[in-house]
Amino acid sequence: MVSREEVLRRVIQERIRQDSKWGFPQRNTPMEWVSILTEEVGEFATAMNDALLGKHADSNLTKALEEVIQVAAVAISIVEHLDGGLGSATMSEDK
């Protein structure tokens, strides 16, 4: 098992990569954040399925681990933006 500190280091490294790619701050609406996170979760699920199910499964979780780090990094970005007031819309506007 990997340490929590190592996991957080990887997630922070991914957040830095995302900021470099997409810029900071981002002006996504809350629903756009849901779409971004859902897309990342879908990539994680696909990677898990590829590794563990079907006739071509190889039990290699490397891609799944990369994807779940991205899921965690996007979740952190959502908190940074929505809780910090950086979103282009507030949570109450989307209800």
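Refer to the structure presented above.
Every chain is numbered on its own, with residues counted from 1 as its sequence reads. For a predicted model such as this one, the threshold for reporting local features is a pLDDT of at least 70, and the threshold for listing and counting side-chain atom pairs is 80 or more; totals across whole chains, interfaces and linings nevertheless cover every residue. Hydrogens and water are ignored here; the side-chain numbers use all heavy atoms of the structure.

Enquirer: Teacher, can you tell me more about the side chain of E67 here?
Expert: We count a stretch as a helix when DSSP gives it H or I for four or more residues in a row; a strand needs E for two or more, and each element gets its number in order from the N terminus. Mapped onto the fold, E67 is located in helix α3 (residues 62-83). In this scheme, a residue with accessible area under 20% of its type's maximum is buried, one over 50% is exposed, and one in between is partly exposed, where area comes from a 1.4 Å probe on protein chains only. The buried category is assigned to E67, whose relative accessible area is 4%. In this analysis, two residues are considered to be in contact whenever any of their non-hydrogen atoms come within 4.5 Å of each other. Excluding its chain neighbours within four sequence positions, the residues that come into contact with E67 are E40, E43, F44 and A47.

Enquirer: I'm lost on helix α1 (residues 4-22) in this one. Help?
Expert: Two residues of an α-helix separated by three or four positions point the same way, owing to the 3.6 residues in each turn. Compared with an ideal rise of 1.5 Å per residue, which puts 19 residues at 27 Å, α1 spans 26 Å between its outermost C-alpha atoms and is within 8% of the ideal. Where α1 is concerned, the buried positions are V11, E14, R15 and Q18. Projected down its long axis, α1 shows its buried positions confined to an angular sector of 105°, all on one face. Away from its buried face by more than 90 degrees, α1 exposes E5, I12, I16 and S20. The inward-facing, buried residues of α1 abut α3. Just downstream of α1 lies G23, where phi reads positive at about 85°. Working rule for helices: expected span equals 1.5 Å times residues minus one. Arc definition: it is the arc formed by the directions from the helix axis to the C-beta atoms.

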